[in-house]
Amino acid sequence: QVELVESGGGLVEAGGSLRLSCAAAGSIASIGVMGWYRQAPGIPKQRELVADINSGGLTTYADSVKGRFTISRDNAKNTVYLQMNNLKPEDTAVYYCAADEVVVAGTADNYWGQGILVTVSS
């Protein structure tokens, strides 16, 4: 019913930049919070919040990415972006898009994307 489609991952050298995008597809009336989480390789079931943004533009960042990552959102396109600058090897992870309070036909639910790999080489 609702699908989160992620793009923009890949391999980059330390100090480089990547931009992740996540578009929510479906008959969506509104979305509450959209954000990005990540799970580092070899650390199962530990998915940490990277950044999120509500419909009004209020943002939250993990301390480890403050000053380097910027989250933004286009409400008209139901799309969230994550601009990642000055990437470090420790940013290597699978990044997951999340959308909370997604309203479709009067019902709200939460959704996850399938994940996209970001690899930062030293």
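This report concerns the structure included in the present document. The shown structure was predicted, so the numbers you read here are calculated from the model rather than taken from an experiment. (Residues numbered from 1 in each chain as written. Predicted model: local features only at pLDDT ≥ 70, side-chain atom pairs only at ≥ 80, totals over all residues. Heavy atoms only, no water.)

1. A short note on the packing of aromatic side chains
Moving on, step 1. A full pass over the atoms with the stated rule returns 1 aromatic pair.
Moving on, step 2. Ring centres of Y37 and W112 lie 5.0 Å apart, and the angle between their planes is 65°; on these two criteria the pair is classed as edge-to-face. Highlighted residues: Y37 in strand 4 (residues 34-39) and W112 in strand 10 (residues 107-112), separated in sequence by 75 residues.
Moving on, step 3. Given a relative accessible area of 22%, Y37 falls into the partly exposed group.
Moving on, step 4. A cation over a ring is seen here: R19 above Y81, with NZ or CZ 4.1 Å from the ring centre.
Moving on, step 5. Between R47 and the ring centre of W112, over which it is positioned, the NZ or CZ distance is 4.6 Å. (Phe/Tyr/Trp six-rings, centres within 6.5 Å; stacked < 30°, edge-to-face > 60°. Helix = DSSP H or I, 4+ residues; strand = E, 2+ residues; numbered from the N terminus. Buried < 20%, exposed > 50% of the residue type's maximum accessible area, 1.4 Å probe, protein only. Lys NZ or Arg CZ within 6 Å of the ring centre and 35° of its normal.)

2. Side note on the sheet that holds strand 7 (residues 69-74)
Remark on secondary structure: sheet strands pair via backbone hydrogen bonds, oriented parallel or antiparallel.
Moving on, step 1. Strand order in the open sheet formed by 4 strands is 1-3-8-7, and the pairing between neighbours is antiparallel. Every other strand in the sheet has two partners, leaving strand 1 (3-7) and strand 7 as the edge strands with one partner each. Looking at each pair of strands side by side, their axes are set apart by 15° on average, direction ignored.
Moving on, step 2. The sheet contact formed by strand 7 and strand 8 (residues 79-84) spans 6 bridges and is antiparallel. Each bridged residue has a counterpart across the sheet, and for R73 the counterpart in strand 8 is V80. (Pairing = 2+ DSSP bridges. Axes fitted to C-alpha atoms, helices over the stretch in contact; angles between N-to-C directions.)

3. Side note on the state of the cysteines
Moving on, step 1. Counted under the stated rule, the structure contains 1 disulfide.
Moving on, step 2. Here C22 connects covalently by a disulfide to C97, the sulfurs 2.0 Å from one another. Where C22 bonds to C97 through sulfur, the torsion about that S-S bond is close to -80°, and the disulfide is left-handed. Of this pair, C22 sits in strand 3 (residues 18-25) while C97 sits in strand 9 (residues 93-104), and the two are 75 residues apart along the sequence. (Disulfide = S-S within 2.5 Å.)

4. Description of the environment of P89
Moving on, step 1. By the secondary structure assignment, P89 is in the loop between strand 8 and strand 9.
Moving on, step 2. Of the residues examined, P89 reaches a relative accessible area of 34% and is grouped as partly exposed.
Moving on, step 3. Apart from residues no more than four positions distant in its own chain, P89 is found in contact with A14, V120 and S122. (Contact = heavy atoms within 4.5 Å.)

5. Considerations on the pattern of salt bridges
Moving on, step 1. Inspection of the entire model under this criterion finds 4 salt bridges.
Moving on, step 2. Linking D63 and K66 is a salt bridge whose minimum nitrogen-to-oxygen distance equals 3.1 Å.
Moving on, step 3. Residue classification places D63 among the exposed positions, given a relative accessible area of 65%.
Moving on, step 4. Put simply, D91 and R68 hold a salt bridge, and the shortest N to O gap is 2.7 Å. Linking D91 in the loop between strand 8 and strand 9 with R68 in the loop between strand 6 (59-61) and strand 7, this pair joins segments that are 23 residues apart in sequence. Per residue, the accessibility class of D91 equals that of R68, and both read buried. (Salt bridge = Lys/Arg side-chain N within 4 Å of Asp/Glu carboxyl O.)

6. Description of the pairing of strand 9
Moving on, step 1. Pairing of strand 4 with strand 9 involves 6 bridges; the strand directions are antiparallel. Across the sheet, residue W36 finds its bridge partner in strand 9, namely C97.
Moving on, step 2. The sheet contact formed by strand 9 and strand 11 (residues 116-121) spans 3 bridges and is antiparallel. Bridged to V94 within strand 11 is L117.
Moving on, step 3. Counting the residues in the hairpin turn of strand 9 and strand 10 gives 2 residues, including A105, whose phi is positive at 50°.

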